Amino acid sequence: MTDSDSNSPFTRAIGLGRMSKDHFGAVNTPVYRASTILFDDVNSLMTGKAPYTYGRRGTPTSRSFEEAICALEGAAKTAIVPSGLNAITTAILSVCSAGDHLLMVDSCYEPTRHFCERVLKRLGVETSYYAPTDDIAPLLKPNTKAVFCESPGSLSFEVQDIPAIAAAAHKVGASVLMDNTWATPLFFQPLKHGVDLSIQAATKYIGGHADVMLGYVAANQAHAARLADTHGTLGLYASGDDCFLGLRGLRTLPTRLARHQATGIALATWLATRPEVARVLHPALPADPGHALWKRDFSGACGLFGVELKPVADTAVAAMLEGLSHFGMGWSWGGFESLAIPAHIHRTVRPFAANGPVLRIHAGLEDPDDLIADLQKGFARLGGAL
Ligand SMILES: Cc1ncc(COP(=O)(O)O)c(C=O)c1O
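Criteria and cut-off values
- Residues numbered from 1 in each chain as written.
- Predicted model: local features only at pLDDT ≥ 70, side-chain atom pairs only at ≥ 80, totals over all residues.
- Core = buried A, V, L, I, M, F, W, Y, C linked by C-beta atoms within 7 Å.
- Buried ≥ 20, exposed ≤ 12 C-beta atoms within 10 Å, placed from the backbone.
- Helix = DSSP H or I, 4+ residues; strand = E, 2+ residues; numbered from the N terminus.
- Domains from an automatic or database assignment.
- Expected span 1.5 Å × (residues − 1).
- Arc of directions from axis to C-beta.
- Pairing = 2+ DSSP bridges.
- Axes fitted to C-alpha atoms, helices over the stretch in contact; angles between N-to-C directions.
- Contact = placed C-beta atoms within 7 Å.

Core analysis: the largest hydrophobic core is formed by 103 residues, its most contacted members being I92, L102, V147, F148 and V217. With 10 residues, the top contributor of residues to this core is helix α9 (residues 240-272). The two domains that each donate at least three residues to this core are domain 1 (9-249) and domain 2 (253-384).

Below, the structure is given as structure tokens:
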């Protein structure tokens, strides 16, 4: 397959990382399950100068996935890891050492905060937090080694000014890390906007079928060696089966994302008209405070967004959610199925401003009219339980 940076990411996701010539024409690189790799002679065994040397160090399946992601992200190195959270922790560990300071966005995925408060603290790395839309310049310290972003935040959906954050961080020599799971590399390419390490929970949209745990970190040239060293030294690895599922998911990602986006916007637009709703948190809606930044930097939106309801009892929210037919309740997103859960937004810089409960909705691949009808009945239950 030929790949060119000038093609749309939608086209590139189809052709990248296929290695068909090496696999009897099979369209996708097949699953390689391997620990031991055998060598023909002592010299190649001892020097390790072979394309594949040991299962943990890569197989054709993992390399195909790496190759595809490197091209999509415009990265010099991609490290494939067993989960999105592991991608976050590996990226941080590849830049921070004892005595360093990490500036973390207050809207981060909650387990990211736990890692900082538990493991990083124990290792002598100090973490402080910044509000997602604040200017970070006054918060940078002489020992700030990294600034971590997540945009939009996956519960509260504030859009961050990534180029401005990157410029401020780089001025003091700090690296910029970004959890880009919401947009995927199809709708936002972090490295092209000044980010040094782009993080993805491939568990979500890349896997796309709610049946694989997978993550990756994609690094620019300056961060490639440290990432490779940290990844290898920690013994990180994702199985051939999971890399295969990641690669297979990539092929339909453009089509799925287009549908998630359209349905998400349809649901959000409808929800904004409902009397029970105080506001919708969706950057693709023109009324959203992050809309201008989103429009400037992103080429699309996924199916994940928030809704703040007018104040109502928790029991009424439970009556609404528990009776939904097409929306499941679960701690993930990015699969083909719709989800709706209460979102508990924990902040330490300043409280998240909401008077009523916030719901997080994942628009799946079902017919949007059926989803709207389901939510409509849900609002009837919410009203009935007041
Ligand atoms: C924004 C975000 N980043 C990272 C993760 C972690 O991914 P994983 O569950 O694969 O560890 C999640 C999971 O929900 C997430 O929502």
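From this point, the discussion proceeds with the structure in view.
The terminal C-alpha atoms of helix α12 (residues 368-384), which comprises 17 residues, lie 24 Å apart, in line with the 24 Å expected from a rise of 1.5 Å per residue. Looking at α12, one finds that the buried residues are L371, L375, G378 and L382. For α12, the buried positions fall inside an angular range of 55° around the axis, keeping them on one side. Facing away from the buried surface of α12 by more than 90 degrees, the exposed residues are D369, D370, Q376 and G384.

It is worth spelling out the sheet that holds strand β4 (residues 144-150) at this point. Sheet strands pair via backbone hydrogen bonds, and the direction of the pair is either parallel or antiparallel. Pairing is mixed across the open sheet formed by seven strands, whose spatial order is β1-β7-β6-β5-β4-β2-β3. At either margin of the open sheet sits one strand with a lone partner, and together these are β1 (77-81) and β3 (126-130). Recorded for the sheet is a direction-independent mean angle of 20° between the axes of neighbouring strands. Bridging between strand β2 (residues 101-105) and β3 involves five bridges; their strand directions are parallel. When the sheet's bridge partners are listed, L102 is paired in β3 with T127. Sheet contacts for helix α3 (residues 60-73): β1, β6 (197-201) and β7 (215-219); angle to β1, the most-contacted strand, approximately 130°. Of the strands in this sheet, β1, β5 (175-179), β6 and β7 are in contact with helix α8 (residues 221-233), which crosses β1 at around 25°.

Here strand β12 (residues 358-362) lies mainly inside the structure; five of its five residues are buried. Residues of β12 alternate between two faces, with V358, R360 and H362 on one and L359 and I361 on the opposite face, all of them buried. Relative to β12, strand β9 (residues 304-309) runs antiparallel, the two sharing five bridges. Pairing of G306 across the sheet is with R360, part of β12. Across five bridges, strand β11 (residues 338-343) lies against β12 in antiparallel orientation. Bridged to P342 within β12 is L359.

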